[in-house]
There are 4 protein chains.
Amino acid sequence: MSIIAVPHVPTSVLSDAWRRCIGTSEMHLALRRDYLESLELTQAEIGFDHLRGHGIFHDWVAVLRQYDVAGHAGTRYSWTYLDQIVDAYLEVGIRPFLELGFMPDALASGDRTVFWFEGNVTPPRDMATWIALVQATLRHLIARYGRDEVLRWPVEVWNEPNLPEFWLNADQAAYFRLYEATARAVKEVDADFQVGGPAVSPGADGWFVPFAEFVARNDVPADFVSFHAYTTGPAQHVPFGVYQTLRHPSSLLEQFATPGKLLAGTVLEGLPQHVTEFNTSYRPDNPVHDTAYNAAYLAPTLVGGGDVVDSFSYWTFTDMFEEQGVPVSIFHGGFGLLTHRQIKKPTFHLYAFMARMGTDVLARGEDHLVTRDADGRVTVLAWQPVGGTDDPAEPEQHTLRLSVPVARRDGSAPASAYVHRSVVNGDDGNAFTAWQRMGRPASPSQRQLDALYEAAEPRVTHHAAAAVVGDDGVARIDLPLTLARHEVTLVEIDPVTDETPAWLDDARILGR
Amino acid sequence: MSIIAVPHVPTSVLSDAWRRCIGTSEMHLALRRDYLESLELTQAEIGFDHLRGHGIFHDWVAVLRQYDVAGHAGTRYSWTYLDQIVDAYLEVGIRPFLELGFMPDALASGDRTVFWFEGNVTPPRDMATWIALVQATLRHLIARYGRDEVLRWPVEVWNEPNLPEFWLNADQAAYFRLYEATARAVKEVDADFQVGGPAVSPGADGWFVPFAEFVARNDVPADFVSFHAYTTGPAQHVPFGVYQTLRHPSSLLEQFATPGKLLAGTVLEGLPQHVTEFNTSYRPDNPVHDTAYNAAYLAPTLVGGGDVVDSFSYWTFTDMFEEQGVPVSIFHGGFGLLTHRQIKKPTFHLYAFMARMGTDVLARGEDHLVTRDADGRVTVLAWQPVGGTDDPAEPEQHTLRLSVPVARRDGSAPASAYVHRSVVNGDDGNAFTAWQRMGRPASPSQRQLDALYEAAEPRVTHHAAAAVVGDDGVARIDLPLTLARHEVTLVEIDPVTDETPAWLDDARILGR
Amino acid sequence: MSIIAVPHVPTSVLSDAWRRCIGTSEMHLALRRDYLESLELTQAEIGFDHLRGHGIFHDWVAVLRQYDVAGHAGTRYSWTYLDQIVDAYLEVGIRPFLELGFMPDALASGDRTVFWFEGNVTPPRDMATWIALVQATLRHLIARYGRDEVLRWPVEVWNEPNLPEFWLNADQAAYFRLYEATARAVKEVDADFQVGGPAVSPGADGWFVPFAEFVARNDVPADFVSFHAYTTGPAQHVPFGVYQTLRHPSSLLEQFATPGKLLAGTVLEGLPQHVTEFNTSYRPDNPVHDTAYNAAYLAPTLVGGGDVVDSFSYWTFTDMFEEQGVPVSIFHGGFGLLTHRQIKKPTFHLYAFMARMGTDVLARGEDHLVTRDADGRVTVLAWQPVGGTDDPAEPEQHTLRLSVPVARRDGSAPASAYVHRSVVNGDDGNAFTAWQRMGRPASPSQRQLDALYEAAEPRVTHHAAAAVVGDDGVARIDLPLTLARHEVTLVEIDPVTDETPAWLDDARILGR
Amino acid sequence: MSIIAVPHVPTSVLSDAWRRCIGTSEMHLALRRDYLESLELTQAEIGFDHLRGHGIFHDWVAVLRQYDVAGHAGTRYSWTYLDQIVDAYLEVGIRPFLELGFMPDALASGDRTVFWFEGNVTPPRDMATWIALVQATLRHLIARYGRDEVLRWPVEVWNEPNLPEFWLNADQAAYFRLYEATARAVKEVDADFQVGGPAVSPGADGWFVPFAEFVARNDVPADFVSFHAYTTGPAQHVPFGVYQTLRHPSSLLEQFATPGKLLAGTVLEGLPQHVTEFNTSYRPDNPVHDTAYNAAYLAPTLVGGGDVVDSFSYWTFTDMFEEQGVPVSIFHGGFGLLTHRQIKKPTFHLYAFMARMGTDVLARGEDHLVTRDADGRVTVLAWQPVGGTDDPAEPEQHTLRLSVPVARRDGSAPASAYVHRSVVNGDDGNAFTAWQRMGRPASPSQRQLDALYEAAEPRVTHHAAAAVVGDDGVARIDLPLTLARHEVTLVEIDPVTDETPAWLDDARILGR
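I will try to describe carefully the structure that is included in this document.

### Here we look at the overall build of chain A
Turning to step 1, where the next piece is worked out: Regarding its fold elements, chain A presents 11 helices and 26 strands.
Turning to step 2, where the next piece is worked out: Taken over the C-alpha trace, chain A has a radius of gyration of 25 Å; the compact-globule value for 512 residues is 24 Å, and the two agree within 12%.
Turning to step 3, where the next piece is worked out: In terms of overall dimensions, chain A has a C-alpha envelope of 95 × 55 × 45 Å along the principal axes.
Turning to step 4, where the next piece is worked out: Per-residue burial over chain A gives 65% buried out of 512 residues.
Turning to step 5, where the next piece is worked out: Contacts in chain A between residues far apart in sequence, at least 24 positions, make up 74% of those at least 6 positions apart.
Turning to step 6, where the next piece is worked out: Summed over all atoms, the accessible surface of chain A reaches about 16,800 Å², with 49% contributed by carbon and sulfur.
Turning to step 7, where the next piece is worked out: Counting 40 positive and 66 negative side-chain charges, chain A places the averaged centre of each group 2 Å from the other.

### Description of the interface of chain C and chain A
Turning to step 1, where the next piece is worked out: Listed by partner, the interface residues are 6 residues for chain C and 6 residues for chain A.
Turning to step 2, where the next piece is worked out: When chain C packs against chain A, close to 560 Å² is buried across both sides, 67% of that on carbon and sulfur atoms.
Turning to step 3, where the next piece is worked out: Taken as a group, C:His72, C:Arg76 and C:Trp503 account for 72% of the area that chain C buries against chain A, more than any other trio of residues on that side.
Turning to step 4, where the next piece is worked out: Linking chain C with chain A are 0 salt bridges, by the criterion used here.
Turning to step 5, where the next piece is worked out: Between chain C and chain A we count 0 residue pairs in polar contact (both at pLDDT 80 or more) in total.

### Side note on a negative patch on the surface
Turning to step 1, where the next piece is worked out: Taken together, the side chains of A:Asp105, A:Asp111, A:Glu118, B:Asp105, B:Asp111 and B:Glu118 make up a negatively charged region of the molecular surface.
Turning to step 2, where the next piece is worked out: Tracing the backbone through its elements, the reader meets A:Asp111 in the loop between β8 (98-100) and β9 (113-114).

### Section: the relation of the copies chain A and chain D
Turning to step 1, where the next piece is worked out: For the match of chain A to chain D, the screw axis carries a shift of 0.0 Å, the RMSD comes to 0.0 Å, and the turn is 180°. Interpreted geometrically, this transformation is the action of a two-fold axis. For chain A, the minimum C-alpha distance to the rotation axis belongs to A:Arg459 and amounts to 3.3 Å.

### Section: the sheet that holds strand β1 (residues 4-5) of chain D
Residues and elements named next belong to chain D.
Turning to step 1, where the next piece is worked out: Judged by pairing direction, the sheet is mixed, and its 4 strands sit side by side in the order β1-β21-β25-β24 without closing on themselves. The open sheet has two edge strands, β1 and β24 (468-469), and neither has a second partner.
Turning to step 2, where the next piece is worked out: Across 2 bridges, β1 lies against strand β21 (residues 397-405) in parallel orientation. Residue pairing in the sheet places Ile-4 in a bridge with Leu-402 of β21.

### Notes on unusual backbone geometry
Among all residues except glycine, the phi angle is most often negative; among peptide bonds, the trans geometry is most common.
Turning to step 1, where the next piece is worked out: Look at the link from B:Gly197 to B:Pro198: it is a cis peptide, with omega at 5°.
Turning to step 2, where the next piece is worked out: The linkage connecting B:Trp315 with the following residue, B:Thr316, adopts the cis geometry, with an omega of 20°.
Turning to step 3, where the next piece is worked out: Topologically, B:Thr316 is positioned in the loop between β17 (311-314) and α9 (346-355).
Turning to step 4, where the next piece is worked out: Backbone geometry places B:Glu160, a non-glycine residue, at a positive phi of 50°.
Turning to step 5, where the next piece is worked out: Structurally, B:Glu160 can be placed in the loop between β11 (155-157) and α5 (172-189).
Turning to step 6, where the next piece is worked out: Not every positive phi belongs to a glycine, and C:Phe115 is a case in point at roughly 75°.

### As for the packing of aromatic side chains
Turning to step 1, where the next piece is worked out: Under the defined criterion, the tally for this structure stands at 158 aromatic pairs over all chains.
Turning to step 2, where the next piece is worked out: With 5.0 Å between their ring centres and 70° between their planes, A:Phe321 and A:Phe335 make a pair best called edge-to-face. Taken as a pair, A:Phe321 in the loop between β17 (311-314) and α9 (346-355) and A:Phe335 in the loop between β17 and α9 lie far apart in primary sequence, 14 residues in all.
Turning to step 3, where the next piece is worked out: With a relative accessible area of 4%, A:Phe321 lands in the buried category.
Turning to step 4, where the next piece is worked out: The class of A:Phe335 is buried, set by a relative accessible area of 1%.
Turning to step 5, where the next piece is worked out: Centroid distance B:Phe176 to B:Trp207: 6.0 Å. Interplanar angle 85°. Geometry classified as edge-to-face. Taken together, the residues span a long stretch of sequence, with B:Phe176 in helix α5 and B:Trp207 in the loop between β12 (195-200) and α6 (208-218) at a distance of 31 residues.
Turning to step 6, where the next piece is worked out: Taken together, the aromatic side chains of A:Phe57, A:Trp130, A:Trp158, A:Trp167, A:Tyr175, A:Phe176, A:Tyr179, A:Trp207, A:Phe211 and A:Phe214 make up a single cluster linked through ring pairs.

### Comments concerning the interface of chain A and chain D
Turning to step 1, where the next piece is worked out: At the interface, 57 residues of chain A touch 57 residues of chain D.
Turning to step 2, where the next piece is worked out: Contact between chain A and chain D buries roughly 4,800 Å² in total, counting both sides, with carbon and sulfur atoms accounting for 52%.
Turning to step 3, where the next piece is worked out: Broken down residue by residue, the surface that chain A buries against chain D is led by A:Tyr243, A:Arg437 and A:Leu510, which jointly contribute 15%.
Turning to step 4, where the next piece is worked out: On the surface where chain A and chain D come into contact, there are 8 salt bridges.
Turning to step 5, where the next piece is worked out: Of the charged contacts, one joins A:Asp506 and D:Arg440 as a salt bridge, the two residues approaching to 2.6 Å between their closest N and O atoms.
Turning to step 6, where the next piece is worked out: Residue assignment for the side of chain A that touches chain D shows that the elements contributing at least two residues are β14 (236-238), β22 (416-424), α10 (431-437), α11 (446-456), β23 (459-466) and β26 (488-495) of chain A.
Turning to step 7, where the next piece is worked out: With 5 residues, the single largest contributor to the side of chain A that touches chain D is β23(A).
Turning to step 8, where the next piece is worked out: By residue class, the composition of the side of chain A that touches chain D is 22 nonpolar, 17 polar and 18 charged.

### Observations regarding the environment of B:Gly74
Turning to step 1, where the next piece is worked out: Residue position: B:Gly74 is located in strand β6 (residues 72-77).
Turning to step 2, where the next piece is worked out: In contact with B:Gly74, other than residues within four places in its own chain, are B:Arg65, B:Gln66 and B:Tyr67.

### So, the packing of helix α1 (residues 33-45) of chain B against α9(B)
Residues and elements named next belong to chain B.
Turning to step 1, where the next piece is worked out: α9 packs onto α1 with a crossing angle of 40° between their chain directions and a minimal axis gap of 9 Å. Relative to α9, the element α1 is oriented oblique. Within the contact between the two elements, α1 uses Leu-41, Thr-42 and Glu-45 and α9 uses Phe-348, Ala-352 and Ala-355.
Turning to step 2, where the next piece is worked out: Its residues placed into classes, the contact of α1 with α9 shows 4 nonpolar, 1 polar and 1 charged.

### Quick look at the environment of A:Gln448
Residue and element names in this part refer to chain A.
Turning to step 1, where the next piece is worked out: Mapped onto the elements of the fold, Gln-448 is located in helix α11.
Turning to step 2, where the next piece is worked out: Spatially, the C-alpha atom of Gln-448 lies 8.5 Å from that of Trp-435, the residues being 13 residues apart in sequence.
Turning to step 3, where the next piece is worked out: Excluding anything up to four places from it in sequence, Gln-448 contacts Met-438 and Pro-441.
Turning to step 4, where the next piece is worked out: In this structure the side chain of Gln-448 is engaged in a polar contact, spanning 3.0 Å, whose partner is the backbone nitrogen of Ser-445.

### Considering the sheet that holds strand β2 (residues 12-13) of chain A
Turning to step 1, where the next piece is worked out: Strand order in the open sheet formed by 7 strands is β2-β18-β19-β20-β26-β22-β23 (chain A), with antiparallel pairing between adjacent strands. Strand pairing shows two members of the sheet lacking a second neighbour, β2 and β23 of chain A, which therefore form its edges.
Turning to step 2, where the next piece is worked out: In the sheet, β2(A) pairs with strand β18 (residues 360-365) of chain A via 2 bridges, with the strands oriented antiparallel. Within the sheet, the bridge partner assigned to A:Ser12 lies in β18(A) and is A:Val361.
Turning to step 3, where the next piece is worked out: Across the face of the sheet, helix α8 (residues 292-304) of chain A comes into contact with β18, β19 (368-372), β20 (378-383) and β26 of chain A while running at roughly 130° to β20(A).
Turning to step 4, where the next piece is worked out: Sitting on the sheet, helix α11 (residues 446-456) of chain D touches β22, β23 and β26 of chain A, and the angle it makes with β22(A) is about 50°.

### Description of the pairing of strand β3 (residues 21-26) of chain D
Residue and element names in this part refer to chain D.
Turning to step 1, where the next piece is worked out: For β3, a buried count of 6 out of 6 residues is recorded, marking the element as mostly surrounded by other parts of the structure.
Turning to step 2, where the next piece is worked out: Sheet topology note: the β3/strand β4 (residues 50-54) ladder contains 5 bridges and is parallel. Its bridge partner being in β4, Glu-26 is matched across the sheet by His-54.
Turning to step 3, where the next piece is worked out: Each parallel crossover has a hand, and for β3 linked through helix α1 (residues 33-45) to β4 it is right-handed.

### Details of the relation of the copies chain C and chain A
For the pair of chain copies, the relating transformation is a rotation about an axis with a translation along it.
Turning to step 1, where the next piece is worked out: Taken as rigid bodies, chain C and chain A are interconverted by a rotation of 180° and an axial shift of 0.0 Å, the fit giving an RMSD of 0.0 Å.
Turning to step 2, where the next piece is worked out: Interface overlap between copies is the fraction of interface residues in one copy that are interface residues in the other; for chain C against chain A it reaches 100%, indicating a shared surface.

### Some words on the packing of helix α7 (residues 250-262) of chain A against α8(A)
Residue and element names in this part refer to chain A.
Turning to step 1, where the next piece is worked out: At a minimum axis distance of 8 Å, the contact between α7 and α8 shows a crossing angle of 35°. Handedness of the α7/α8 crossing: right-handed. Touching Ser-251, Leu-252, Leu-253 and Phe-256 of α7 are Tyr-297, Leu-298, Pro-300, Thr-301 and Gly-304, all from α8.
Turning to step 2, where the next piece is worked out: In the contact of α7 with α8, the residues fall into 6 nonpolar, 3 polar and no charged.

### Details of the pattern of salt bridges
Turning to step 1, where the next piece is worked out: Tallied over the full model, the rule gives 132 salt bridges over all chains.
Turning to step 2, where the next piece is worked out: B:Arg401 serves as the salt-bridge partner of B:Asp478, at 2.9 Å between the closest nitrogen and oxygen. Residue B:Asp478 is found in strand β25 (residues 475-484), and its partner B:Arg401 is found in strand β21 (residues 397-405); the two are separated by 77 residues along the sequence.
Turning to step 3, where the next piece is worked out: Linking C:Glu91 and D:Arg33 is a salt bridge whose minimum nitrogen-to-oxygen distance equals 3.1 Å. One end of the pair, C:Glu91, is in helix α2 (residues 80-91); the other, D:Arg33, is in helix α1, on a second chain.
Turning to step 4, where the next piece is worked out: We classify D:Arg33 as partly exposed; its relative accessible area is 21%.

The rules we used
- Residues numbered from 1 in each chain as written.
- Chains lettered and ligands numbered in written order.
- Predicted model: local features only at pLDDT ≥ 70, side-chain atom pairs only at ≥ 80, totals over all residues.
- Heavy atoms only, no water.
- Helix = DSSP H or I, 4+ residues; strand = E, 2+ residues; numbered from the N terminus.
- Rg over C-alpha atoms; globule rule 2.2 N^0.38 Å.
- Buried < 20%, exposed > 50% of the residue type's maximum accessible area, 1.4 Å probe, protein only.
- Contact = heavy atoms within 4.5 Å.
- Areas by Shrake-Rupley, 256 points an atom, 1.4 Å probe, with all protein chains shown as cover.
- Lys, Arg positive; Asp, Glu negative; His and termini not counted.
- Charge placed at Lys NZ, Arg CZ, Asp CG, Glu CD.
- Buried area = accessible area lost by both parts, 1.4 Å probe.
- Salt bridge = Lys/Arg side-chain N within 4 Å of Asp/Glu carboxyl O.
- Polar contact = N/O pair within 3.5 Å; in protein donor to acceptor, adjacent residues only side chain to side chain.
- Patch = residues over 30% accessible without salt bridge, like charges linked within 9 Å, V, L, I, M, F, W, Y side chains within 5 Å.
- Least-squares fit on C-alpha atoms with pLDDT ≥ 70 in both.
- Pairing = 2+ DSSP bridges.
- Phe/Tyr/Trp six-rings, centres within 6.5 Å; stacked < 30°, edge-to-face > 60°.
- Nonpolar A, V, L, I, M, F, W, Y, C, P; charged D, E, K, R; others polar.
- Axes fitted to C-alpha atoms, helices over the stretch in contact; angles between N-to-C directions.
- Parallel < 35°, antiparallel > 145°, perpendicular 65-115°, else oblique.
- Right-handed = clockwise from strand over helix to strand, strands pointing away.
- Left-handed = near helix turned anticlockwise from the far one by under 90°.

What follows is the structure, given as structure tokens:
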């Protein structure tokens, strides 16, 4: 194992594309306590900028209400739940990434729905009424939250129109009509709104150029391009679950980069690229989401995604998610960083570790990222590189060794550094493993939950490392790291200022 | 106005039938934050024993799950949401009053549903599967919460089977079959469960004797009799609301008493009587619920209900209620003691005032209740007597005058009493009135909410009243009370122990 | 009573000099829970910028430690408590206004102390050690809280050196030496610190010009001028209390203005003027502080103080104050806006009302201030003008009548305004009165405290006022105000946007 | 290493003498926020019954006030702080263990004081005034908190009267006079109070028989015997600290048992024995308190103390303690289970582990305690046995191996058990070690504190252990334990009920 000499001078600033957005299922779930406590925890330990959820126009949010009673007939917009939802977002410091979707029954042209919660996926029966709904909603949001705030919320038109489950017949022309009408409506409310699409799922490369041509031809507003990325194969079903093959992790970054390449030379070239959903599996019932493997697999994506796109939004922050009905078990392969009742999964920690990285990048490799803060703290994120289904199994452990520069805020060299390491792998920081060992209790008792919360916390170790000044005048510590299978680890290194008084002698603690 | 001399010796102990139960709509709403904050507030300021809600078996709680995948087929019970709901109840010190109802789709014999949330109201397709569901649920609850706890939760079979909206064809024979199978199933789980019915709505006097005869004839377990009481006439619809006539308040107590009278001489004679729902209007969109009138109207019911029944459960503690869809406005005539976002209505205060009454009853009248605590505190609840729709309008004010005995804990007579009064009427403690004056904002801004919270608090006044020892050796204060229209008022009277030092002289505060 | 026509166009921006600083006794009290909860409440409802307290170098904060043990001798600076104190300040959003004072015993030249807590008031035995202490403290604060933060904390040298109780012999020359050494030491740490003095009590007009001459002559740094203002006469003692005469309220503003006038033509002319303490009485045991009179008396000072000084700091925000020993009773004439256990006094509400005023001043008079916010809300602060001891008693009530312009954010005229009034006087919002009526319990029971908290809240009333468009095209409402004796009242006026649907008819609520 | 077969049938019920009481320094410290948050944390994770602190009559609590002003002279009792203190105790569910002590200056016969906080240790100048003070205090407490509550608070007379530092000249006769007067005064208030003494420090064996003879001779009330136990030798001073030798841990239990033996045959024989203070070192600045060694050393005392005494009270729960002045560093050898700012020390975890033990004792040995709960959970507390100063160094690790019976609540044998282990030793669960490695920052930054909080949590590991049914029909798991130097470990063993569905196959998670 060779030693990687981490440079003393930063090579770049760490992109925060990884934290610009996080996903959630139906917006109406944000009325729930467990959901909001999960969001608060997520914001406290990670801190995302935006939250993108489906169903702002689902009838369970109930924005569009029609009446015909006692001689009074008409449409009424109702903000009872939408305001509660958005209030709750802002209360914990996260902004909506608006996705305009699901069709209110009263406005739908058909009764085709998707998922357990029956989101209507048909085009509007009447485009003018749709436009009125969109504009009333945006105007209300501006009135309630202020223009400065609301203009920071991107507006995405519909979700995955390339799939017949989400858009009747996956009718591209119909989507483009919806997009055009909606984008113009949004800009009419305020020309500074950022509007975009086409929000397609993986496998829709054929949509980008036509979309660009359409907006060019018709001079339709488009401020960003959005799409999704997943890397699993077809679902192999079992009751309440699936298994799936998984491609190599590099395929995620390739998916991120593709639309930008396809759009080169079109009017959409150079626009912000938003991956408005990504994950390993696109299924909310694949146990891979609960594993340390999932975290190790995604580590290079979080580190490198900002090179190719402007945001990439993990789908989703919580297991509160009802597409396939209400989950029957606390761990059930849900997308969440957190389970119901807020047990942290390994991928939660991957994100929390990213949130503890510094601002300046000192080094990046296939198994590590090293950053530094203004106050001299150096942070190392390291992981075991893993492959997909077809790769050979990863070894039981992975090692790397870094030579890490350390300096105090004032530039002076410390004699030693305090090294604080947080570990997540198949055993440590892994409540899923503990839960398996408990016998997989579907609805754990409070005692079991308490044990799971403890098991979910990363293992913490610490030591003092001597700093040695090299020929280049830079003080460095030696940092050999051994990672267990599927491990993701965070190392925080602080230059020590020794305050030990001269008279202290720990050997005398027992008075000898 | 004559003076009412309140006796010095208690006449009875105050019944707590009024606080034994409170209602709520669908149990799944207890997953919501606003709901749980509302429940916490209700428990902090009132403190009910039980909470009765619909829909434990509604598919949105998702207890019954069936599967047939990859060669595995069967039934699975899922406690994911039910446990979260019941955990949350117990966390704030309230117990479920179990109402077994709505039929899971997988078990329903038809597709007839009720209300916006589509509760299935058809009998089980297969009684054995129903029994298995009921027993699995009760056994799970005992395993999770302990036998001692769960046996304190009454079990009521279905809701309002006399109405075709709630039970297919209002088929009495079919209900009796369901009741018999269910009651036997419950007792098989534990013979100490308290099970009962028939949970009928008003206007079902014809159900009681047949129900008694049925359980007698078939030796079916029945531990209590349950039914509902409302006093409004037919709904006069407007969009998102109704108006209704209202009978005299005394009709509520009459409804409470009727089943007990009808059942005299049957095997059900003498069983506990539970009014598992009552209110003025049975509609969740009648503005009467938001008024001070509603509180004044119900005051005699809260005071007197314990004379005739064992519990009577106000329907409901919160406006979070979706039978007619999601409410379009913060005030909308909902049943709740609290609106969405927890604005207190006058009837909330009526209950909160009851919760501040003492243990011993000193006096009761058509416009007052006087109690005393062990520590000498005397509490007066007073209200303006109101009639129903057909009565003449109540006068602008109502007066009464009490001569109230005051004594310290040790029996000694104080020279004065501290009199602390809390007032709710059309202006004071009335956010509904404030909201009307604001222009009825459907979804108020935070500033408006803050003003509404302030406006919702009772007006507080206080004075010191001189105590005079009468011929009977009892010290009394004179308490003349003037109540505004529709007022409910609470007066707390504490004997004063004067700690004023000899040297104090308030006339010298400005140094003169 | 004539009608005051409030102009539609703002005359000025409301100064926030009134909120720039608030006082507190000894800094070590900030280790206490009740203190910190009081501070949090104060910040939530008022929101001051800075907090000035005595005793940063008092031995109870224990910054300076000396040792001579086992052959090791020296000085050690200890931040154990100081860091906890300042952490707690910043946690609730308030910054220290540093007052360098009380002499650590180890550094004192004598044993003269002041007050129950025995603050040493003698000059340093050795100026170099004092300078080292000051500089170590400032350097530590910068290291812990950051330079940007700490440079926003003014540094005042000592407290009331003109009084022999606070500075040995009130020796002016000695103070000037201390000031010079300290100011130079502060600037040596960072030239951008703002340092000032002489922090004199009322009656020290003779100090200002000599101070100016001294700093001019010696080229000593001085960035601001500080002094105190109180308006009471000599103390007439009773046990645990005093009574005092009180000058007219205008004398406060005169005291504020005097040093600036005296310093005209000196090098200190034009420097910021900080009234680092003011109140009616300078005694922590004068019941005037607990009264509504105190609030009415100070209203014109809060409104007008910003005209003449840059900050004026009410002495103090809490009754937690031990100069005369631990208070023996919940109300005891303490300086606090809040009592122990956080009962709000009338003067708390005066400040809370100020915090609800808008940004733009529309009108100011001897009994009122009218402001408007960007969103159209107009706020009126009104009070009964009161005199001092020698004035005739104020009448039972005071009336004024305003014609108030109302307009929506977009400039349009509303048909009506929602008028929300908060009232504090001898009865309303007055726990002191309630406490007197309770018999002045020195240490109230929880029940009594609950009643006091209720009694301490302002009375809230509301109505809708019709807006009439005048000849000038401006919509106005008529606002007649009747104030009770010693009343301070806040009126918030919001233009109404009427959302009442056409079909609503409140006359039908009972179904008629 | 032999295998210890843990019996299936309990041998005894676990005594809770270890949790009946915990110590704290001066009662006035309970006004502080950090203190109360520390107490809340202690109660949440451990849960003691009583809290014993010095100084109820110290002038900083200020109960006794005398005045002579304006012709009014007298004594006033003031409850301002005492009520806040006791309110705060009860709020977190802990009761006072009253220690009547330090003499108010106004009542003292001399000016001899002890410690930085200057507690007066002289007898009362006038016994009648002392009696009045004691009785007024007890009567006030009964009036405020109720007789039932207050009678559960033992009353101890003075503290360590055998030491001249704490009682003038250590005058035994004078103490007996004080005891007699006080005990009679207490019983006069309520004969059901439990009163006791003599509260002596170690080395006062000569006090017990004379005390028994005195109370017998004079028929003085005595309901319990109290005394202290410490095992360190003389202090070897360094600045702000000491080192001390330490006797073998068994000497603690010997000290606990001695007074009971000495009192055999006296009137005090058989009375409850309360060790109202114990610890390793009696110094608040000995670093031994901060170590894992301290926890391992005390483990046998916690396990066995209940055999010989009725309570033994660790001195103290928090480092907030000012006998030697304000501590200069976050770790400073304080007595506390918690440091300032609530960093948990190893001994905190020892207590928290004890609080997680079950009700029934299955086994006890020199390095382990095994218990079981009604629900089948088996809990093992294990520790490395350590000696005192003179013993040879403990080895790097310690091993033991248990064969642990496991059964479900219903008695059935599980196929496996979930084994959850919490580890505290020199590295794990040891913020003191982390702090040393950081360079011993005296006042850590928030970042350092966050790292210390993480480092302070026990390391958690878990595994599933197969259960094997033995010849005796009892299912057992094999539990080999390796403990690091100075380790204290908790193992919780839950019988598994396997809910794994038939269709799950973790080998398929990657879809293979």
